[in-house]
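Remarks on the overall topology
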Amino acid sequence: MSSLRAEPRLSNELGPQLRAWRDTRGKSQLELSLDTGISQRQISFIESGRSTPGRQNVLRLADALDVPFRERNTLLLAAGYAPIYSEGSFDDQEMQGVTNALKRMLRQHEPFPAVVMDRYWNVLMSNDATLRFFGHFTDMAARPKPRNLLHLMFDPSGMRPFIADWEKTAESLMGRVFRESVGRVIDGRTKELIDSLLAYPDVNTEWQTSPAIANAPLIPLSFVKDGQVLRFFSLVTTVGTAQMITTQELRVECMFPLDDATEVRYAELMNTAAQ
């Protein structure tokens, strides 16, 4: 069953949270007022703790600031209202339509790898090609579930030794963590993920603040197998009409060959048994 977290009311927290979100989005009180129709004076009162808005106004402010569903619940709680966005699991009946659609997407992307990930890059679903392809490089069965795609790429015992120009790729992946974070916000668990990646050997702490990489529209990913380079790029899909926390935080990543030579070599590789 889906559940709404029963948490106590967070007193005197709405004002600082609203101000933090406004600062994050780079919006003035006047700009937020124009976006929502809520007066600048009232927004000032809310941020200073002198006024508590109605629930609909909390939602209007959150929508104008592009606050993710999970954090919208926190804003509602801070204002003294019950959360309205549920968080279900893949086993919930109301998620069946989404999960069935995702399974079809993964199957239809064969013979190339495709995965469904959560907010923290944990792989929730994958097609057969994913395990077969990565199984040519590392023992996927030895990696604990849910397998994390970033740890797979950063771990010296994972895919790292087989990634061409690993440092540049790792820097670009770190940039993607910031660019693709839900609502473009780094929450506590994402910060923990970043810290764990920085703990791997020879990872530069400056990679997490690389604006050029973070804004790149396309980041190729290349692997080296038997002295040959296989070049790929990936497309990321999100659930555009998400109404639940779970679905809003899902991402589907599909890999494609970047050139004809890679497509030929990939087919040859997949026709052999994984080492």
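Above this text sits the structure in question.
What counts, and where the lines are drawn
- Residues numbered from 1 in each chain as written.
- Predicted model: local features only at pLDDT ≥ 70, side-chain atom pairs only at ≥ 80, totals over all residues.
- Heavy atoms only, no water.
- Phe/Tyr/Trp six-rings, centres within 6.5 Å; stacked < 30°, edge-to-face > 60°.
- Lys NZ or Arg CZ within 6 Å of the ring centre and 35° of its normal.
- Buried < 20%, exposed > 50% of the residue type's maximum accessible area, 1.4 Å probe, protein only.
- Helix = DSSP H or I, 4+ residues; strand = E, 2+ residues; numbered from the N terminus.
- Pairing = 2+ DSSP bridges.
- Salt bridge = Lys/Arg side-chain N within 4 Å of Asp/Glu carboxyl O.
- Polar contact = N/O pair within 3.5 Å; in protein donor to acceptor, adjacent residues only side chain to side chain.
- Core = buried A, V, L, I, M, F, W, Y, C linked by side-chain atoms within 4.5 Å.
- Contact = heavy atoms within 4.5 Å.
- Axes fitted to C-alpha atoms, helices over the stretch in contact; angles between N-to-C directions.
- Left-handed = near helix turned anticlockwise from the far one by under 90°.
- Nonpolar A, V, L, I, M, F, W, Y, C, P; charged D, E, K, R; others polar.

Our focus in this paragraph is the packing of aromatic side chains. One pass over the full model with this rule turns up 14 aromatic pairs. Seen in terms of ring centroids, F133 and F137 are 5.2 Å apart; in terms of plane orientation they differ by 65 degrees. Their pairing is edge-to-face. One aromatic cluster is present, formed by F112, F133, F134, F137, F162, F223, F232 and Y266 through successive ring pairs. When the ring centre of F45 is taken as reference, the NZ or CZ atom of R50 above it lies at 4.0 Å. When the ring centre of W121 is taken as origin, the NZ or CZ atom of R251, which lies over that ring, is 4.7 Å away.

For the rest of this paragraph, the subject is the pairing of strand 1 (residues 114-117). On strand 1, burial covers both faces: A114 and V116 on one face and V115 and M117 on the other are all buried. Judged from the four bridges that link them, strand 1 and strand 5 (residues 251-257) form a sheet pairing that is antiparallel. Looking at the pairing, V116 lines up with V252 of strand 5. Bridge analysis of strand 1 against strand 2 (residues 123-126) gives three bridges, and the strand direction is antiparallel. By the bridge assignment for strand 2, V116 is matched with M125. Between strand 1 and strand 2, which pair antiparallel in sequence order, lie five residues; one of them, W121, sits at a positive phi of approximately 65 degrees.

In total, this model carries 12 salt bridges according to the counting rule given. Across the pair K191 and D195 runs a salt bridge, and its minimum N-O distance is 3.0 Å. Of this pair, K191 and D195 both sit in helix 10 (residues 188-198), four residues apart, which is roughly one turn of the helix.

Along the chain, S234 falls in strand 4 (residues 228-238). For S234, a relative accessible area of 17% puts it in the buried group. At 2.7 Å, the side chain of S234 forms a polar contact with the side chain of E253.

Our next topic: the nonpolar core. Ranked by size, the top nonpolar core spans 36 residues in total, and within it F133, F134, M153, F154 and F223 carry the most contacts. Of all the elements in the fold, those that place two or more residues in this core are strand 1, helix 7 (128-134), helix 8 (149-154), helix 9 (166-179), helix 10, strand 3 (221-225), strand 4 and helix 13 (260-270). Contacts of M153, omitting those with residues within four sequence positions, involve F134, M159, R160, I163, W166, L173, L221 and F223. Ranked by size, the runner-up nonpolar core spans 20 residues in total, among them I46, L59, L61 and A62.

In contact at an axis separation of 8 Å, helix 2 (residues 29-36) and helix 3 (residues 40-48) are set at 115 degrees when each is read in the N-to-C sense. Note that helix 2 runs across helix 3; the crossing there is right-handed. Residues Q29, L30, L32, S33 and T36 of helix 2 form the contact with helix 3, whose participating residues are Q40, I43, S44 and E47. A per-class count over the contact of helix 2 with helix 3 returns three nonpolar, five polar and one charged.

Glancing now at the sheet that holds strand 2. Strand order in the open sheet formed by five strands is 2-1-5-4-3, with antiparallel pairing between adjacent strands. Strands at the two margins of the open sheet, each flanked by one partner only, are strand 2 and strand 3. In this sheet, adjacent strand axes meet at a mean angle of 30 degrees when their direction is disregarded. With seven bridges connecting them, strand 4 and strand 5 associate as antiparallel partners. Looking across to strand 5, one finds that L235 is bridged to C254. Running over the sheet, helix 13 touches strand 3, strand 4 and strand 5 and is turned about 95 degrees from strand 4.

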